[in-house]
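# Structure at a glance
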Amino acid sequence: MAGTIGERLADLARSQAPAVVRFDADEGLRGGWAVLPSAFNPPTRAHLRLLDLAQGVAGVEGSAALLTTRNVAKGVEGAALEDRIGMLLAARESRPGLAVLAANQARIVDQAAGLWEAWPEASFDFVLGYDTLVRLFDHQYYTGAMEAVLDPFFERHRVIAANRGEVTEGEMREWVAEQASRYAERIVTVALDREHGRMASSAIRARIEAGEGSDDFPQGVAEYIREHALYEEA
């Protein structure tokens, strides 16, 4: 792979068109992939559990962590993007088949366009927590009719949605039936257990900043955080 992680991220940021790059290997992607878009600040065991659940969905052959270098709801804070890729690569110690990607777009529909442009021989299902699922159907992130954007998106992609926090899988299914019935057949729900459902990157950062420990991230990620002294200062 040509260039350092930082150089490749800088090239990605300069691209005006939707683009995605791969950091764990030089090979392209083929077949069916479950893609989890997130800030990974830091990656948690919950992220990996979501991908494990997605691997059980028919048609999914591989899993990918997609670092979103831009966010529709907040700016970049905490670990540098280069370190987030480093942590995801460290997470592969326990998930050697995990593809590590980064996208230069904030909206999922635009990330999808970048994935399709990069690897047209692959298919991609998006793994979303409940809060991200709700944002996908928020009109404020669309210019004009939301359906004009989401109709072609759901023709090509499925969403694998998982409950988060206090929201149960049943409540999430009810929300889909009431708020996203047009696309319900393309939304697969999976149940995230309470232990993983409570994990949040923001809470992990707060504990590290307070000098407390955490076992909510994979061992490789924990070692990377210690080695690079991440999150030690607010």
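Everything discussed here concerns the structure shown above.
Each value, and the rule that gives it
- Residues numbered from 1 in each chain as written.
- Predicted model: local features only at pLDDT ≥ 70, side-chain atom pairs only at ≥ 80, totals over all residues.
- Heavy atoms only, no water.
- 1 Å grid on protein atoms, 1.4 Å probe; cavity = no way out; pocket = protein on both sides within 12 Å on 5 of 7 lines; lining within 4 Å.
- Points joined across faces, edges and corners; volume = space filled by probe spheres on them.
- Helix = DSSP H or I, 4+ residues; strand = E, 2+ residues; numbered from the N terminus.
- Nonpolar A, V, L, I, M, F, W, Y, C, P; charged D, E, K, R; others polar.
- Buried < 20%, exposed > 50% of the residue type's maximum accessible area, 1.4 Å probe, protein only.

Attention now goes to empty space enclosed by the protein. Going through the model one piece at a time under the given rule, you end up with one cavity of 30 Å³ or more. Where the lining of the largest cavity is concerned, the elements lending two or more residues are helix H2 (45–55) and helix H3 (81–91). When residues in the lining of the largest cavity are grouped by element, the largest group, three residues, is from H2. Taken together, the residues of the lining of the largest cavity break down into eight nonpolar, two polar and no charged.

For residues besides glycine, phi is generally negative; the peptide bonds are generally trans as well. Along the chain, Asn41 connects to Pro42 via a cis peptide bond; the corresponding omega equals 5°. Examined against the element boundaries, Pro42 turns out to sit in the loop between strand S2 (31–38) and H2. With phi around 50°, Phe40 is a residue other than glycine that occupies positive phi space. With respect to the element layout, Phe40 can be found in the loop between S2 and H2. Located in the positive-phi region is Ala229, a residue other than glycine, with phi close to 50°. Among the structural elements, Ala229 can be located in the segment after helix H10 (219–228). Residue Ala229 is classed as partly exposed on the basis of its relative accessible area of 41%.

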